[in-house]
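# Coordinate analysis (summary)
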Amino acid sequence: MAGNRCEQCENIMVREIISPQEYLFCANSLVGLLIAGDVEMTFSNCPLGRIVDDDMKFTKNRYFHQFRCTKCGTIYGMLFNTKTGGEIRINDKVFNPADYPDKKEE
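Now for a quick tour of the structure. (Residues numbered from 1 in each chain as written. Predicted model: local features only at pLDDT ≥ 70, side-chain atom pairs only at ≥ 80, totals over all residues. Heavy atoms only, no water.)

### Quick notes on the overall build of the protein chain
Quick reminder of the rule: Each helix is a run of DSSP H or I of at least 4 residues and each strand a run of E of at least 2, with the numbering of both proceeding from the N terminus. For every residue, the accessible area (1.4 Å probe, protein chains only) is compared with the maximum for its type, and the residue is labelled buried under 20%, exposed over 50%, or partly exposed between those bounds. What makes two residues a contact is simply this: any of their non-hydrogen atoms within 4.5 Å. Computed with a 1.4 Å probe, the accessible areas rest on the Shrake-Rupley method; for each residue, only the protein chains presented here act as cover.
Within the protein chain, the secondary structure is distributed over one helix and five strands. Looking at the protein chain as a whole, 34% of its 106 residues are labelled buried. Restricting to contacts in the protein chain with at least 6 residues of sequence separation, those with at least 24 account for 52%. Total accessible area on the protein chain is roughly 6,700 Å²; 51% of this is exposed by carbon and sulfur atoms.

Structure, rendered in structure tokens:
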């Protein structure tokens, strides 16, 4: 699927996310892509504006944001665990919580 990326989304970095600071940087970059209309959010377990509270403390332990390029349809997942890190990768399909009835949301 990586070969299907277009010039609009080829600059989205598919990468490991090591630190909370890196994750916040990636989340801010995603906000810019959303505002520009380059991607659309397909699933999120936390609004991007609520990742940290007013004291800059994380509001959850695990975050997942999935978004799609508005030009070519490539789907990306950005997963981050505050204890173990995370990644941005290309997903095969849009996440649907109903596909995983045994998983409980935090």
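### Some thoughts on helix 1 (residues 20-36)
Our working rule: Here a helix's expected span is defined as the number of its residues, less one, multiplied by 1.5 Å. As used here, the arc belongs to the directions running from the helix axis to the C-beta atoms.
Counted at 1.5 Å a residue, the expected span for helix 1 with its 17 residues is 24 Å, and the 24 Å between its end C-alpha atoms agrees. Where helix 1 is concerned, the buried positions are Tyr 23, Cys 26, Ala 27 and Leu 30. Looking straight down helix 1, one finds that the buried residues subtend no more than 100 degrees of arc, so they occupy a single side. Of the residues in helix 1, the exposed ones pointing more than 90 degrees away from the buried face are Gln 21, Phe 25, Asn 28, Ile 35 and Ala 36.

### Side note on the environment of Met 13
Structurally, the position occupied by Met 13 is in the segment before strand 1 (15-17). Exposure remark for Met 13: the relative accessible area of 49% places this residue in the partly exposed category. When the C-alpha positions of Met 13 and Tyr 76 are compared, they lie 9.9 Å apart, and in sequence the two are 63 residues distant.

### Section: the sheet that holds strand 2 (residues 39-44)
Applied cut-off: Two strands form a pair only when DSSP identifies at least two bridges running between them. For helices, the fitted axis covers only the stretch in contact; all axes are lines through C-alpha atoms, and the angles between them, taken along N-to-C directions, range from 0 to 180 degrees.
Strands sit in the order 1-5-4-3-2 across an open sheet of five strands; the sheet is antiparallel. If you trace the sheet from one side to the other, it starts and ends with strand 1 and strand 2, each paired once. The mean inter-strand angle of the sheet, taken between neighbouring strand axes irrespective of direction, is 20 degrees. The sheet contact formed by strand 1 and strand 5 (residues 85-91) spans three bridges and is antiparallel. Residue pairing across strands places Glu 16 opposite Glu 87, the latter belonging to strand 5.

### A look at the nonpolar core
Let me state the cut-off plainly: By convention a nonpolar core is built from buried Ala, Val, Leu, Ile, Met, Phe, Trp, Tyr and Cys residues, the set being connected through side-chain atoms within 4.5 Å.
Ranked by size, the top nonpolar core spans 21 residues in total, and within it Ile 17, Tyr 23, Ile 51, Phe 67 and Met 78 carry the most contacts. Contributing elements (two or more residues each) for this core: helix 1, strand 3 (62-69), strand 4 (75-81) and strand 5. The element contributing the most residues to this core is helix 1, with four residues. The contact partners of Phe 67, leaving out residues within four places of it in the chain, are Ile 12, Leu 30, Val 39, Glu 40, Met 41, Thr 42, Thr 74, Ile 75, Tyr 76 and Met 78.

### Some details on the side chain of Asn 91
Here is the rule we go by: Two N or O atoms count as a polar contact when they lie within 3.5 Å, although within protein this holds only if one can serve as hydrogen donor and the other as acceptor, and sequence-adjacent residues are included solely when both atoms are side-chain atoms.
Relative to the helices and strands, Asn 91 resides in strand 5. Within polar-contact distance, the side chain of Asn 91 engages the side chain of Gln 66 at 2.7 Å. Within polar-contact distance, the side chain of Asn 91 engages the backbone nitrogen of Gly 77 at 3.4 Å.

### Details of the pairing of strand 3
Every regular strand shows the same layout, with side chains that alternate between the two sheet faces. With six of its eight residues buried, strand 3 lies for the most part within the structure. Here strand 2 runs beside strand 3; their pairing, made up of five bridges, is antiparallel. Bridged to Glu 40 within strand 3 is Arg 68. Pairing of strand 3 with strand 4 involves seven bridges; the strand directions are antiparallel. Within strand 4, the residue paired with Gln 66 across the bridge is Gly 77.

By themselves, these figures tell us nothing about what the structure is for.
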